Amino acid sequence: MPKSKNTRKKAYRPRQVKIGPYWPADQQADVEDKLTKVALYVESTLPTGAATEQQIDWIEDVFIWFLGMLYKRHRHLDRQEVSEAGRLAMDGKHALEAIIDRKWAGQTHGYVATGEELKLISQACAVMIPTLKEAVRLAPYTSFNEFNWSQNRADEKLRRKQNERKRNLCGSNHKDRRPDAG
């Protein structure tokens, strides 16, 4: 060693290397169980109009997760299958949003769906649920990152929508307070 170099005084610390899936098998099984429950909500609870707000949120989260997965992986998948699955998922998501909008507008007392909406949501879930289960089984780390990404996007869109509503409400109040309006 040259005389101009000093020896390292700190000891090297070993780094932990993670091998394999980063999510334990019990967490993967829990997610697969939740996906199965969502499929049951779509097939049994939604047609009766007895779905709770939490169940609707879970269904919507699955739609967002699947669309996020397609968005993130579209370059590596078959384009025809992506377009078909994406179209089904978007149609199902629009049908679910129509159900939610009717409930929030006060037109229905629960989350009541029409036959066409149920058909679209059921067809979309028939494609999405097995695909998501397989994605969690094959690549849990990537799948959960896509889920977190899609949740962050949904939260961001909700925040924007709420801010826009506040601006619209405040803007309408300020128009009434003009000094020359009297």
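Residues numbered from 1 in each chain as written. Predicted model: local features only at pLDDT ≥ 70, side-chain atom pairs only at ≥ 80, totals over all residues. Heavy atoms only, no water.

(A) Examining the side chain of Thr-45 more closely. One can find Thr-45 in helix α1 (residues 25–48). Classification of Thr-45 by relative accessible area gives buried; the value is 14%. (Helix = DSSP H or I, 4+ residues; strand = E, 2+ residues; numbered from the N terminus. Buried < 20%, exposed > 50% of the residue type's maximum accessible area, 1.4 Å probe, protein only.)

(B) Focus on the pattern of salt bridges. For the structure on display, the rule yields five salt bridges. Across the pair Lys-37 and Asp-33 runs a salt bridge whose closest N-O atoms are separated by 3.7 Å. Placement of the pair is Lys-37 and Asp-33 together in helix α1, with a separation of four residues, close to one helical turn. With relative accessibility at 35%, the residue Lys-37 sits in the partly exposed group. Note that Lys-93 and Glu-97 form a salt bridge whose closest N and O atoms lie 2.5 Å from each other. Taken as a pair, Lys-93 and Glu-97 lie in helix α3 (residues 79–105) at a separation of four residues, close to a single helical turn. For Lys-93, a relative accessible area of 14% puts it in the buried group. The exposure class of Glu-97 is partly exposed, given its relative accessible area of 27%. (Salt bridge = Lys/Arg side-chain N within 4 Å of Asp/Glu carboxyl O.)

(C) Region of the structure containing the side chain of Gln-55. Note on placement: Gln-55 falls in helix α2 (residues 53–73). Among the polar contacts listed, one links the side chain of Gln-55 to the backbone nitrogen of Thr-52, at a separation of 3.1 Å. Each residue touching Gln-55, except ones within four places of it in the same chain, is listed here: Tyr-41, Thr-45 and Ala-50. (Polar contact = N/O pair within 3.5 Å; in protein donor to acceptor, adjacent residues only side chain to side chain. Contact = heavy atoms within 4.5 Å.)

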